[in-house]
Amino acid sequence: MNQEKIPATVITGFLGAGKTTMIRNLLQNAGGKKIALIINEFGDLGVDGDVLKGCGAENCTEDDIIELTNGCICCTVADDFIPTMTKLLERDSRPDHIVIETSGLALPQPLVAAFNWPDIRTHVTVDGVITVVDSAAVAAGRFADDHDAVEARRVEDDSLDHESPIEELFEDQLTCADLIVLNKTDLIDVDGLGRVRAEVASRTARKPTIIEAKNGDVPAAILLGLGIGTEGDIVNRKSHHELEHEDGTPHDHDEFDSFVVELGPIADPAAFIDALKGVIVEHDVLRLKGFVDVPGKPMRLQVQAVGSRIDTYFDRAWTPGEARATRFVVIGLHEMDETIVRKAIEALV
Ligand SMILES: Nc1nc2c(ncn2[C@@H]2O[C@H](COP(=O)(O)OP(=O)(O)OP(=O)(O)O)[C@@H](O)[C@H]2O)c(=O)[nH]1
């Protein structure tokens, strides 16, 4: 048996940055490398898994795609991630490379630390942590601290021990990176991109390589084979939470909430999407994704909203026996009122 350690690449980045899109590209240009993929979503509807299974890459079949659905991977390392890795390593045919997509709300640090567990470290090493950044969102100031809002939250809840949860998470994901991909460069101009690069660089004390991309289109040769062994350098990449709670208090995702909305068929998707945009803006929804049943259409309409930017496309035919349905996962900050947002979306049909 080949005892060489299998390289594992961790792909992280905030909600909607373009992780799944980049992995889809990667699977299609990874040459002959056999890849096993572990994917984790917050507020799971299995959307990412569906997108990736649908890309039909021969080097990464449906069997090679493992979905972890019991919450964010960083909080379920012992119960979910380690057993999954152990099973993967026991398979007869070992993958050449493992790719792990974290949820957009995950801290990469606990996941990388798990590679130091005895059963794992003898077989696998972290080739590198790649952090995908939504350049348009950075340019729009989405990760800049809104001091007034943070202060207002603190007045309401004096147990808050830190600043904006979005800003903090964004920095934690950058702090852990070996490679940062400034994605969605098509949405901003050259000057804007220069400012995004400077802002991203200023948010991490380390000096990871920063590259630019459109639609996550980065050659596999750049993404795979970084050869870092990140698990050995975890001490230099501490998250805000680790720095604040050196006693090991576990972190959680209390600051964020998600729920699933189910609707009936939608006959006029264009009008629906237009109105949905209004709800997203009014209630500050961070991420919404799912599928629409358009009567008379043999295919599902996939909906991907990142903030108020919404993409839609018919992604695949409804399969025989599959119940046609309209379902979305909605993710927002904890203060988002689920009942109100749910009613507002339901009222659009
Ligand atoms: N304009 C533009 N859109 C992009 C680009 N990359 C990804 N997108 C779109 O952004 C949306 C989110 O992309 P995903 O790849 O699902 O993002 P993600 O990081 O996997 O999202 P989560 O797993 O929910 O955190 C989709 O509608 C993509 O088509 C890009 O470079 N430019």
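Conventions used here
Residues numbered from 1 in each chain as written. Predicted model: local features only at pLDDT ≥ 70, side-chain atom pairs only at ≥ 80, totals over all residues. Heavy atoms only, no water. Salt bridge = Lys/Arg side-chain N within 4 Å of Asp/Glu carboxyl O. Buried < 20%, exposed > 50% of the residue type's maximum accessible area, 1.4 Å probe, protein only. Helix = DSSP H or I, 4+ residues; strand = E, 2+ residues; numbered from the N terminus. Contact = heavy atoms within 4.5 Å. Pairing = 2+ DSSP bridges. Axes fitted to C-alpha atoms, helices over the stretch in contact; angles between N-to-C directions. Core = buried A, V, L, I, M, F, W, Y, C linked by side-chain atoms within 4.5 Å.

### Some thoughts on the pattern of salt bridges
Where side chains of opposite charge bring their charged atoms close, a pairing between them can arise. Following the criterion strictly, the structure yields 21 salt bridges and no others. In this structure, the salt-bridge partner of Asp-233 is Arg-237, at a minimum N-O distance of 2.9 Å. Residue Glu-322 pairs with Arg-316 through a salt bridge whose shortest N-O separation is 3.0 Å. Classification of Arg-316 as partly exposed rests on a relative accessible area of 25%.

### Things to note about the environment of Leu-52
Structurally, the position occupied by Leu-52 is in helix H2 (residues 47-53). A relative accessible area of 1% means that Leu-52 is categorised as buried. For Leu-52 and Val-126, which are 74 residues apart along the polypeptide, the C-alpha to C-alpha distance reads 22 Å. Not counting the four nearest positions on each side in its chain, Leu-52 is found in contact with Thr-20, Ile-23, Arg-24, Leu-27, Leu-37, Ile-39, Ile-65 and Glu-101.

### Thoughts on the sheet that holds strand E6 (residues 179-183)
Two pairing modes exist for strands in a sheet, parallel and antiparallel, and in both the strands are linked by backbone hydrogen bonds. Strand order in this open sheet of 7 strands is E3-E2-E4-E1-E5-E6-E7, and the pairing throughout is parallel. Looking at the sheet topology across the chains shown, the edges are occupied by strand E3 (65-68) and strand E7 (209-212). Across the sheet, the mean angle from the axis of one strand to that of its neighbour is 20°, orientation sign disregarded. In this sheet, strand E4 (residues 97-101) lies alongside strand E2 (residues 35-40) in parallel orientation, the contact comprising 5 bridges. Residue pairing across strands places Ala-36 opposite Ile-98, the latter belonging to E4.

### Quick notes on the nonpolar core
Membership of the largest hydrophobic core comes to 59 residues, with the highest contact counts inside it found for Phe-81, Ile-98 and Phe-115. Per element, the largest residue contribution to this core is 6 residues, and it comes from helix H3 (residues 77-90). Excluding residues within four positions of it along the chain, Ile-98 makes contact with Ile-6, Pro-7, Ala-8, Thr-9, Ala-36, Ile-38, Met-85, Leu-88 and Val-124. Core analysis: the second largest hydrophobic core is formed by 26 residues, Leu-37, Val-181, Ile-211 and Ala-220 among them.

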